[in-house]
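Below, each chain spelled out in residue letters.
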Amino acid sequence: MKKHQIWTQTVMDTTDPNIVFNERGESDYYTNFIERIVPEWKFGKNRLDELMKFASKVSEEGKNKDFDCIIGLSGGLDSSYCVYITTQIMGLRPLIYHVDAGWNTEQAVSNIEKLVTKLNLELYTDVINWNEMKDLQRAFFQAQIAEQDGPQDIAFFSSLYKFARENRVKYVFTGANYSIECCREPEEWGAYPGIDKTLILDIHKKFGKRKLSTFPIVDIFIYKVYYKYFGGMKVFHPLNYVSYIKKDAERLLSEKFGWEPFQHKHHESRFTRFIEDFWLPKKFGFDKRKAHFSSLILTGQLTRDEALQRISKPELDEQMQLNEKTYIAQKLDFLENELNNLFHGTNKTYKDYKSKRRLIGLGISFMRNFGLEKKLFR
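Keep in mind it's a predicted model, so treat the numbers as computed, not measured.

S.K.: Sorry, what's going on with the pattern of salt bridges here?
M.R.: Think of it this way: side chains of opposite charge can pair up when their charged atoms draw near. Within this structure, the stated rule accounts for 24 salt bridges. Two residues, Arg24 and Glu26, come together in a salt bridge whose shortest N-O distance is 3.0 Å. The class of Arg24 is exposed, set by a relative accessible area of 52%. Several salt bridges converge on common partners, so that one network encompasses Asp287, Arg289, Arg310 and Glu315.

Shown next, in the form of structure tokens:
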């Protein structure tokens, strides 16, 4: 068994089984950040000329069209600030795209409405068929893997990319960024690298009960290769070209739009909030906040002591965790003892099912070798 060790710079530790430390106690997350991310990103400073040059290109190509680009908006901080930068700094006319997978908090819905209304933007909402969504989520629970948020992510990104492709939208803007996401969650923590249709369908074949007739599934090689190189789609991350400080962005959105901040990352989804605060730490033994806080420490937005204090207790108190557990069980049509049995069942990984992980790994290695991917993948 690997001796428990915690990274001296931040709070990543050996609950990531493949983490590597050097003699100074620095992990490969840190060295990757310093050597690969910072030289290009530069903390988003002095990149405004690059951003505005790209904005001019998008605007020119968007002439005589209803909108210049499309933005997937969840109501969370990253996507909301992406909308602000795109419209108020870049001067573009985006179509706002929201995917309702059945788990929005009232706060997320309110944030979306405030941004769309006050910026006078067009909103398109894709409501996922709930019976199909529920069936796939039940299947993932029964598969006993850590990727419980998989069905939501699959729906969000597949729907967005599919819509963009079908409507010939060239530019897809997202809130992905280095400032608060430079330390990527390891695969063992349920961060499977991309939408793997083979894995999804194998899990659903084994545990699903309903045909996924309308549920959107766009495989990683379709959106990473076919859409990009044959369809001309460009996925752009505006937040990497500005100085993006979490607290400042929250304050700005609050003052200008009445936008309300969340207690923690991903809390715009009631399901994700439960999975990350209860299911994963208690069933699998890891806490995704370690990666979230490590990113903030690396980028100078949080101290290590502050992070250690936060992770010493869950975001949701014990009673709220139990209430949310009951709510999740009822909404997914599990008897509470059924969900308890799954919780106490034998943990599995994607390796217990069919997948194209080896091919995805080769693709990631290729991209990192040629400088096309900066984040560290496991």
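S.K.: Just to check I follow, could you spell out the pairing of strand β2 (residues 94–100) for this structure?
M.R.: Summarising burial for β2: six of the seven residues are buried, a large majority. Pairing of strand β1 (residues 69–72) with β2 involves four bridges; the strand directions are parallel. Looking across to β2, one finds that Ile71 is bridged to Ile96. Where β2 lies against strand β3 (residues 122–127), six bridges are found, and the strand directions are parallel. For Tyr97, the partnering residue across the bridge sits in β3 and is Tyr124. A crossover links β2 with its parallel partner β3, the connecting element being helix α4 (residues 106–118), and its sense is right-handed.

S.K.: How should I be thinking about the packing of helix α11 (residues 289–298) against helix α12 (residues 304–311) in this particular structure?
M.R.: Packed helix pairs are characterised by how far apart their axes lie and by the angle those axes make with each other. Where α11 contacts α12, the axes come no closer than 10 Å and their chain directions differ by 165 degrees. What the angle tells us is that α11 and α12 run roughly antiparallel. As for the relative orientation of α11 and α12, their crossing is right-handed in sense. Residue-level inspection shows Arg289, Lys290, Phe293 and Ile297 of α11 in contact with α12, the latter providing Arg304, Ala307, Arg310 and Ile311. Its residues assigned to classes, the contact of α11 with α12 comprises four nonpolar, no polar and four charged.

S.K.: What should I look at first to understand the environment of Arg368 in this one?
M.R.: Note that Arg368 resides in helix α15 (residues 357–369). A sequence separation of 132 residues divides Arg368 from Phe236, and the C-alpha atoms of the two residues are 18 Å apart.

S.K.: In this structure, what is going on with the sheet that holds β2? I would like to understand it.
M.R.: Two strands in a sheet stick together by hydrogen bonds in their backbones, pointing the same way (parallel) or opposite ways (antiparallel). Across the sheet, which stays open at both edges, the five strands sit in the order β3-β2-β1-β4-β5 with parallel pairing between neighbours. Of all the strands in the sheet, the pair left with one neighbour each is β3 and β5 (234–236). Taken pair by pair, the neighbouring strands of this sheet meet at an average axis angle of 25 degrees, ignoring direction. The strands touched by helix α3 (residues 77–89) within the sheet are β1, β2 and β4 (171–173), with β1 carrying the most contacts at an inclination of about 155 degrees.

S.K.: How do you make sense of unusual backbone geometry when you look at a structure like this?
M.R.: Negative phi characterises most residues that are not glycine, and trans characterises most peptide bonds. Unusually for a residue other than glycine, Phe43 sits at a positive phi of about 60 degrees. For Phe43, the location among the structural elements is in the loop between α1 (28–41) and α2 (48–61). Despite not being glycine, Asn64 has its phi angle at roughly 70 degrees, a positive value. With respect to the element layout, Asn64 can be found in the loop between α2 and β1.

S.K.: Would you mind going over a nonpolar patch on the surface with me for this structure?
M.R.: On the surface, a cluster of nonpolar side chains totalling about 790 Å² of accessible area is made up of Phe221, Ile222, Val225, Tyr226, Tyr229, Phe230, Leu359 and Leu362. If you list the elements that add at least two residues to the nonpolar patch, you get α8 (220–230) and α15. Sort the elements by how many residues they give to the nonpolar patch and α8 lands first, with six residues. Note on placement: Tyr229 falls in helix α8. By relative accessible area, which is 54% here, Tyr229 ends up exposed.

What counts and how
- Residues numbered from 1 in each chain as written.
- Predicted model: local features only at pLDDT ≥ 70, side-chain atom pairs only at ≥ 80, totals over all residues.
- Heavy atoms only, no water.
- Salt bridge = Lys/Arg side-chain N within 4 Å of Asp/Glu carboxyl O.
- Buried < 20%, exposed > 50% of the residue type's maximum accessible area, 1.4 Å probe, protein only.
- Helix = DSSP H or I, 4+ residues; strand = E, 2+ residues; numbered from the N terminus.
- Pairing = 2+ DSSP bridges.
- Right-handed = clockwise from strand over helix to strand, strands pointing away.
- Axes fitted to C-alpha atoms, helices over the stretch in contact; angles between N-to-C directions.
- Parallel < 35°, antiparallel > 145°, perpendicular 65-115°, else oblique.
- Left-handed = near helix turned anticlockwise from the far one by under 90°.
- Contact = heavy atoms within 4.5 Å.
- Nonpolar A, V, L, I, M, F, W, Y, C, P; charged D, E, K, R; others polar.
- Patch = residues over 30% accessible without salt bridge, like charges linked within 9 Å, V, L, I, M, F, W, Y side chains within 5 Å.
- Areas by Shrake-Rupley, 256 points an atom, 1.4 Å probe, with all protein chains shown as cover.

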